[in-house]
Amino acid sequence: MAVETRKSTCNRDCPDACGLVAEVEDGRLRSLKGDPEHPVTRGFLCSRTSRFPELLDSPQHLRTPLVRDGGVLRPASLDEALDRCAERLLAIRRESGPAAILHYRSGGSLGLLKTIANRFFERFGPCTSTIGDICSGAGEEAQVQDFGVSDSNDLFDLLEARHVILWGKNPAVSNVHLVPVLDDCKARGATITLIDPIAHKSRTRADVWLQPAPGGDLALALGVGRLLFDEGGVDPEAIARCEGVDGYRGLCRSRSLAAWAQLAGVGEAAIRALAAAFAGGPTAILVGWGMQRRRNGGAIVRALDALSAVSGNLFRSGGGCSFYFRRRGAFDAGAITSGAAARVLREPILGQDVLEASDPPVRAIWVTAANPVCMLPDSARVAEAFERTEFVVVADPFLTDTARRAHVVLPVPTLLEDSDVLGAYGHHWLGESRPLIEPPPGVVHEVDLFSRLAARVGLAADFAGTVDDWKRRLLARVAQKGATLEALRAGPVRNPEAKPVLFGDGRVRTLSGKVRLLTAIDESLLRRDVSPERPLWLFSNSTIDSQASLWSRDPGTHLTVTVHPESAPADAPDGALVVIESARGSLTARLRLDPAQRRDVALVPKGGHFDRGQSANALIDAIPTDLGLGAAYLDCQVRLRLP
Ligand SMILES: Nc1nc2c(c(=O)[nH]1)N[C@H]1C(S)=C(S)[C@@H](COP(=O)(O)OP(=O)(O)OC[C@H]3O[C@@H](n4cnc5c(=O)[nH]c(N)nc54)[C@H](O)[C@@H]3O)O[C@H]1N2
Ligand SMILES: Nc1nc2c(c(=O)[nH]1)N[C@H]1C(S)=C(S)[C@@H](COP(=O)(O)OP(=O)(O)OC[C@H]3O[C@@H](n4cnc5c(=O)[nH]c(N)nc54)[C@H](O)[C@@H]3O)O[C@H]1N2
Ligand code: SF4
Ligand SMILES: [Mo]
């Protein structure tokens, strides 16, 4: 049979939203590559998606629905599984009201159609939903406060920069299609500065690497701000576009340069060099997502916003303070859901909020595109909340830590079988996903799944329409500007509403059009002392081998913990087993020694499985960030000891 070439878009929770090209023969995948015609993908994929087809053969890949009987999950037909869902949801609504049902959705697929689940729980209730954003909540809220919006300059505007600051970012691992753009910037003479407490792969690309104290970035940015004012680095035209200048200047001058340097954990000369880069722009800040998962994460991003604004870089080509590309911005998300909810539980504290909910208590949880038992902080409490809930449904292509605690598991398509529309949070191109291969017979697309469930509970009319109909509804506004479904089907289309330089007209999106500068901070956000009992800050960073909790390579029997040799328990050699202890719990890990690390950090991978004793979140307290109800995953202090 002839080999056919098919195209799609990767829907994983990743900034890159790559164009995919597959060769398919007789319905079977022969090869999977990056689309050479996609301007950002440039013909290559990350290793985790290149290896993804192997996961289809893994025992964790679900090909049929499962229902719980006598304590065990057994295969069932889709009709049986959906009948059970309808019957239990109707009974719980009748007895306790719709607020007794919680819907929890995370970013396992960035396809916009996954919000069809939200539509169901809104129409069926409204039911209970969540508030906050464990991924990017603090940083987005910081930028909304300062600029009225969280969005970015065009990715390729970076080529105009003289200095690129990777502030808490590891693109070689978590944003791989940024790497060739950085290489192009370097080829055009730009310098790259990396600011990251952890020694990681991306540092080989940086001309300058600062290794501040974890969370010391707030002090670092205020120290740079002080120098800009003291030494003529502020741009008078830009200052006129800001509110709160006196307050911000006063804040920067509230400590000496030496005091800021000491709090930041870097030398004064490094702060001077950074200030010189801002004064000698264009200078672009690329704000990483990891750093804002701290108690002071919102304040840090606000301090970076202020640097970009007062130095004038915010308003110019080759500048900007880019945190997030507004991936949903092009879509009419309201065509699917209004966001109505009976009540909201806090995502970063979900375990506690579920267990403590009353009037009514949570009796059912439906999980869409998420693995909260593994990925939310204080995971033992989250696991307990799921185990105590009367009826749990998980829709997922894989049998996860959360799915194992469900009463019904509904298999949905993987990224190779999906059909949806997507934006990206690392660039402004929109894409369509289309099945590269057919899903197994027991697997059902979420649009189909909810239309079948809706028919069982008297909501059929609300779910009328094919997958393509829903795609067109989402694209209604930008279709008038050329981003039609047909155009997306032909290849990636740049969001017609995204400007090349976000604030190139000198105005931000606040009511006054001016930047609202950070003018005051809670002193407690500056002090970052570790306790003598637990002297190491635990980092749980992205790793090339996994997409959050979905591993493309077996992580082995133990998770790996990397520390400076002087931070290891006495005489423990590389490869030894050690115990990581926090105030919340302990895990056994294999030791890796790395003299390039700071002495006050311990690094483990993000995404280890809870049931295998490898989830960092078993150690991490559920603490909200200062802004946006994010989760302060990285403010966890630990010690290592021998087993
Ligand atoms: N391979 C892979 N790629 C992924 C993911 C994955 O699981 N695996 N996850 C995806 C998801 S969900 C997201 S949200 C994105 C982004 O995910 P990120 O969390 O941005 O990705 P990381 O590579 O962990 O980069 C965070 C960097 O911030 C640094 N950092 C932490 N604290 C501080 C601090 O206090 N100061 C400074 N200056 N730096 C700090 C960390 O050391 C790390 O190098 O990545 C996506 N890409
Ligand atoms: N310790 C620590 N914890 C962290 C982080 C960290 O850096 N450190 N990072 C945090 C961040 S940035 C994030 S975004 C979260 C991620 O947290 P989650 O989003 O809960 O984690 P994932 O493992 O990505 O789980 C997503 C699930 O969606 C499934 N899925 C994929 N496609 C579909 C689909 O089309 N439909 C449905 N229904 N399911 C689908 C996947 O198989 C996967 O099981 O974790 C957070 N947790
Ligand atoms: S996970 Fe990210 S880098 Fe990998 S193929 Fe998908 S979009 Fe591209
Ligand atoms: Mo994320």
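## Regarding the domain arrangement of the protein
At step 1: Domain parsing of the protein yields domain 1 (66–134 + 334–415 + 434–494), domain 2 (148–326 + 501–516) and domain 3 (529–641).
At step 2: For domain 2 and domain 3, the distance between their C-alpha centroids amounts to 28 Å.
At step 3: Roughly 1,800 Å² of surface becomes buried between domain 2 and domain 3 when both sides are summed, with 57% attributable to carbon and sulfur atoms.
At step 4: A per-residue breakdown of the area domain 2 buries against domain 3 is headed by I198, R294 and R295, which together make up 37% of the total.
At step 5: Viewed at the interface, domain 3 and domain 2 are joined by 13 residue pairs in polar contact (both at pLDDT 80 or more).
At step 6: Only α6 (171–174) and α13 (297–310) provide two or more residues apiece to the side of domain 2 that touches domain 3.

## Topic: the environment of G290
At step 1: Mapped onto the fold, G290 is located in the loop between β12 (283–287) and α13.
At step 2: Considered as a pair, G290 and L210 are 80 residues apart in the sequence and their alpha carbons are 16 Å apart.

## Overview of the pairing of strand β22 (residues 536–541)
At step 1: Counting buried residues along β22, five of its six residues qualify, which places the element largely inside the surrounding structure.
At step 2: With two bridges connecting them, β22 and strand β29 (residues 637–641) associate as antiparallel partners. What sits directly across from L536, in β29, is V638.
At step 3: Pairing of β22 with strand β28 (residues 601–605) involves five bridges; the strand directions are parallel. Its bridge partner lying in β28, N541 is registered against P605.

## Re the site of ligand 1
At step 1: If you check the shell around ligand 1, you find 33 residues, and the closest are S174, D196, D217, R293 and S546.
At step 2: Separating a nitrogen atom of ligand 1 from a side-chain N or O atom of D217 is a distance of 2.7 Å.
At step 3: Compared with its free state, where it exposes 890 Å², ligand 1 has 98% of that area covered by protein.
At step 4: For the shell around ligand 1, the secondary-structure elements that each account for two or more residues are α6, β22 and β23 (546–547).
At step 5: Here the shell around ligand 1 is composed, by residue class, of 15 nonpolar, eleven polar and seven charged.
At step 6: Here the shell around ligand 1 spans two domains, and each of domain 2 (148–326 + 501–516) and domain 3 (529–641) adds at least three residues to it.

Cut-offs used in this document
- Residues numbered from 1 in each chain as written.
- Chains lettered and ligands numbered in written order.
- Predicted model: local features only at pLDDT ≥ 70, side-chain atom pairs only at ≥ 80, totals over all residues.
- Heavy atoms only, no water.
- Domains from an automatic or database assignment.
- Buried area = accessible area lost by both parts, 1.4 Å probe.
- Polar contact = N/O pair within 3.5 Å; in protein donor to acceptor, adjacent residues only side chain to side chain.
- Helix = DSSP H or I, 4+ residues; strand = E, 2+ residues; numbered from the N terminus.
- Buried < 20%, exposed > 50% of the residue type's maximum accessible area, 1.4 Å probe, protein only.
- Pairing = 2+ DSSP bridges.
- Near = heavy atom within 4 Å.
- Areas by Shrake-Rupley, 256 points an atom, 1.4 Å probe, with all protein chains shown as cover.
- Nonpolar A, V, L, I, M, F, W, Y, C, P; charged D, E, K, R; others polar.

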